[in-house]
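This is what each chain is made of:
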Amino acid sequence: MHPLSELETPVPVVDLDRLGRNLDRAAAYATQHSLALRPHIKTHKAPRIAREQLSRGAVGLTCATAFEAEVMSDVCRDLLVAFPPVGSARAGRIAALPDGVNVTVALDSIESVEMIAGAARKTDRRVGVYVELDLGMHRVGVPVVDDAIAIAREVRSRPPLEFTGIAFYPGHIREGVGSPQSAKLETLSKSVGEVVDAFDRAGLRPTVVSGGSTPTLWNTHEIRGVTEFRPGTYVYNDRTTAEIGACGWDDCAFTVLATVVSTAVPNQAVIDAGSKALGREPMRGTDASGGFGALLDRPEVVVASMSEEHGILDLSKTEWRPSVGERVRVVPNHVCVVVHLNDVVVGARGDVVETTWPVAARGRGYSIAV
Ligand SMILES: Cc1ncc(COP(=O)(O)O)c(C=O)c1O
């Protein structure tokens, strides 16, 4: 058993008690509201945590990349790839996932139906399809319900594809729980209800209505018709999630442990975590004071600027003056990107290192033939 103080820095550290609480709370919420929890694993990218989610009742997992699905197929028999299956390589890898894995894709075009249908025919495997709708985020998804219905009909005409549901991602709702979110949720709920009714009238009742995110996690049950939700960030949470009020500061389970390496310039301290350890993600959906992360024990101290290996702590809002060699824990703005910068994550209880695990689904997992 090693103390955290012996670790070389910068190093990503997960507080195992907080992680456990975050996992338990979401699982209990799903049970309470009879919702199927299909967590998005893009946040942790680790089979070890996926197992924890499944043992707490998750019905399956959501992935974004073919590599994530390949890695997770070792621990899970029911995978959703919530990303358009476009390109023969991507579609081919999805269709070649191990036999016995129930695979579903979310898509929003006739072209992607053709691509995944072609790949599925080659490997002779059933692939479930959710037709994705744009209900406000304006990223992917069909904006017009009749066009979504046309895509579902196309899916139906192309076995071994099977139309199994509809999907949307409420990424445009970044307000914390409370009145501004309630107004947007009401609009969303109305839209989802109308879409489900339209599919119903067209004789294409979706078995699954898949939505959900971390900011809307605790209000998913208020969205009419939703049967399945896909939060990802909730396992670790981050500064943005806390700032928008979707979690407490004490729910942030992931930090980057760093060392103060210089205090030579007045009113600032330099740590050994720069953009290659913290990412360069801005705060989104909040007026918070900017920067690229904040100290776990002193949230008023932010990483104001960075080079690749240097992070500059702004000390203008604190009396605290750290010494060279002192350790700090930084809560990143956007944890998913920071996890992806690391091969291995440390699990700690209190100040003691208990375990480590690989970020196994990090990267793309392809080889390039030359
Ligand atoms: C399609 C999809 N579903 C679910 C999620 C999880 O949302 P969150 O990061 O808010 O937990 C994401 C996040 O990017 C997503 O893109």
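The structure we're discussing is the one just above.
Right, let's talk about the sheet that holds strand 5 (residues 78–81) for a bit. Pairing is parallel in the open sheet, where 8 strands are placed in the order 3-10-9-8-7-6-5-4. What marks the edges here is a single partner per strand, and that holds for strand 3 (36–37) and strand 4 (61–63). Bridge analysis of strand 3 against strand 10 (residues 228–229) gives 2 bridges, and the strand direction is parallel. The residue bridging Leu37 from the neighbouring strand is Phe229, located in strand 10. The sheet strands contacting helix 6 (residues 145–156) are strand 6 (102–107), strand 7 (127–132) and strand 8 (161–167), and the helix crosses strand 8 at an angle near 155 degrees.

Our focus in this paragraph is helix 2 (residues 47–55). Residues separated by three or four positions in an α-helix point in the same direction, a consequence of the helix having 3.6 residues per turn. Where helix 2 is concerned, the buried positions are Pro47, Ile49, Ala50 and Gln53. Taken down its axis, helix 2 places every buried residue within 160 degrees of arc, on the same side. On the buried face of helix 2, the contacting elements are helix 1 (16–32), strand 4, helix 3 (66–72) and strand 18 (352–358).

Right, let's talk about the site of the ligand for a bit. Close contacts around the ligand come from His40, Lys42, Ala82, Arg139, Tyr169, Ser213, Thr214, Pro215, Arg230, Pro231, Gly232 and Thr233, and that covers them all. The side chain of Thr214 places a nitrogen or oxygen atom 2.5 Å from an oxygen atom of the ligand. One nitrogen or oxygen atom from the side chain of Arg230 is found 3.2 Å from a nitrogen atom belonging to the ligand. Within the complex, the protein chains bury 90% of what would otherwise be the 390 Å² of accessible surface of the ligand. The residue makeup of the shell around the ligand, split by class, is 4 nonpolar, 5 polar and 3 charged.

Glancing now at the pairing of strand 9 (residues 208–211). Burial along strand 9 is two-sided: Val208 and Ser210 facing one way and Val209 and Gly211 facing the other are all buried. Of the pairings in the sheet, the one linking strand 8 to strand 9 comprises 3 bridges and is parallel in character. Among the inter-strand pairings, Gly165 is bridged to a residue of strand 9, identified as Val208. Sheet analysis places strand 9 next to strand 10, joined by 2 bridges and oriented parallel. Bridged to Gly211 within strand 10 is Phe229.

Counted according to the given criterion, the structure contains 0 disulfides. Between Cys76, a cysteine without a disulfide, and Cys63, which holds the nearest cysteine sulfur, the sulfur-to-sulfur distance is 7.8 Å. With no disulfide partner, Cys247 has as its closest neighbouring cysteine sulfur the one in Cys252, 4.5 Å distant.

What follows concerns the pairing of strand 14 (residues 303–306). Sheet topology places strand 14 next to strand 15 (residues 311–314); 3 bridges connect them, and they run antiparallel. Residue pairing in the sheet places Ser305 in a bridge with Ile312 of strand 15. Following strand 14, the chain reverses through 4 residues before pairing antiparallel with strand 15.

Here we come to a nonpolar patch on the surface. A cluster of nonpolar side chains, contributed by Tyr366, Ile368 and Val370, occupies part of the molecular surface with about 460 Å² of accessible area. By the secondary structure assignment, Ile368 is in the segment after strand 18. Given the relative accessible area of 69%, Ile368 is considered exposed.

With the rule as written, the count across this model stands at 4 aromatic pairs. Consider the rings of Phe163 and Phe199, whose centres lie 5.8 Å apart with planes at 15 degrees: the pair is stacked. Here the residue Phe163 occupies a position in strand 8, and Phe199 occupies one in helix 7 (residues 179–201), the gap between them amounting to 36 residues. By relative accessible area, Phe199 is classed as buried at 0%. Ring-pair connections join several aromatic residues into one group, and the members of that group are Tyr29, Trp218 and Phe229. The ring centre of Phe292 lies 5.3 Å from the NZ or CZ of Arg280, which sits over that ring.

For the rest of this paragraph, the subject is helix 5 (residues 110–123). With 14 residues, helix 5 extends 20 Å from end C-alpha to end C-alpha; this agrees with the ideal 20 Å at 1.5 Å per step. Those residues of helix 5 not exposed but buried are Ser112, Val113, Ile116, Ala117, Ala119 and Ala120. Along helix 5, the residues classed as buried sweep out an arc of 170 degrees about the axis, all on the same side. Within two residues after helix 5, Asp124 carries a phi angle of roughly 50 degrees, on the positive side.

Glancing now at the nonpolar core. Note that soluble globular proteins tend to have their nonpolar side chains buried in a common cluster. Counting 96 residues, the largest nonpolar core has Leu19, Phe199 and Tyr236 as the members making the most contacts within it. Counting residues per element, this core draws most heavily on helix 7, which supplies 7 residues. Setting aside residues no more than four positions away along its own chain, Phe199 makes contact with Leu133, Val145, Ala148, Ile149, Ala152, Phe163, Ile166, Leu204, Arg205 and Pro206. With 8 residues, the next largest nonpolar core counts Leu4, Leu7, Ala348 and Val353 among its residues.

The tally for this structure, following the rule as stated, stands at 18 salt bridges. When the shortest N-O distance is used, the salt bridge between Asp251 and Arg25 registers 3.2 Å. Taken as a pair, Asp251 in the loop between helix 8 (239–243) and strand 11 (254–262) and Arg25 in helix 1 lie far apart in primary sequence, 226 residues in all. Among the residues examined, Asp251 registers a relative accessible area of 13% and is labelled buried. The exposure class of Arg25 is partly exposed, given its relative accessible area of 34%. Several salt bridges converge on common partners, so that one network encompasses Asp17, Arg349 and Glu354.

About the thresholds
- Sequence order as written defines residue numbering, which begins from 1 separately in each chain.
- The model is predicted, so local features are restricted to residues of pLDDT at least 70 and side-chain atom pairs to those at 80 or more, both for listing and for counting; the totals for chains, interfaces and linings are taken over all residues.
- For side-chain calculations, the full set of non-hydrogen atoms in the structure is used, while hydrogens and water are omitted.
- For two strands to be treated as a pair, DSSP must find at least two bridges joining them.
- The way it works is that DSSP assigns letters per residue, a run of H or I at least four long becomes a helix, a run of E at least two long becomes a strand, and they are numbered from the N terminus.
- Here, residues are in contact when the closest pair of their heavy atoms is within 4.5 Å.
- In this description, a line fitted to the C-alpha atoms serves as the axis of each element, helices being fitted only across the stretch in contact, and the angle between N-to-C directions of two axes falls anywhere from 0 to 180 degrees.
- For every residue, the accessible area (1.4 Å probe, protein chains only) is compared with the maximum for its type, and the residue is labelled buried under 20%, exposed over 50%, or partly exposed between those bounds.
- Working definition: the arc comes from the directions between the helix axis and the C-beta atoms, pointing outward to the latter.
- Residues are labelled near a given molecule or strand when at least one of their non-hydrogen atoms is within 4 Å of it.
- In the analysis that follows, any N or O atom pair within 3.5 Å is treated as a polar contact, provided that within protein one partner can donate a hydrogen and the other can accept it, and provided that, for residues neighboring in sequence, both atoms belong to side chains.
- Residue exposure ignores everything except the shown protein chains as possible cover, and the areas themselves are Shrake-Rupley values with a 1.4 Å probe.
- Amino acid classes used here: Ala, Val, Leu, Ile, Met, Phe, Trp, Tyr, Cys and Pro are nonpolar; Asp, Glu, Lys and Arg are charged; the rest, including Gly, are polar.
- We call a pair of cysteine sulfur atoms a disulfide whenever their separation is within 2.5 Å.
- Exposure above 30% relative accessible area and the absence of a salt bridge qualify a residue for a patch, where like charges join within 9 Å and nonpolar side chains (Val, Leu, Ile, Met, Phe, Trp, Tyr) within 5 Å.
- When a carboxyl oxygen of Asp or Glu is within 4 Å of a side-chain nitrogen of Lys or Arg, the pair counts as a salt bridge.
- The pairing test for Phe, Tyr and Trp rings, Trp by its six-membered ring, is centres within 6.5 Å, and the orientation test on the planes gives stacked under 30 degrees, edge-to-face over 60, and tilted for anything in between.
- Geometrically, a lysine NZ or arginine CZ counts as sitting over a ring once it is within 6 Å of the ring centre and also within 35 degrees of the ring normal.
- Multiplying 1.5 Å by the helix residue count minus one yields the expected span of that helix.
- Among buried residues, those of type Ala, Val, Leu, Ile, Met, Phe, Trp, Tyr and Cys that are joined through side-chain atoms within 4.5 Å constitute a nonpolar core.

These figures capture arrangement, not role.
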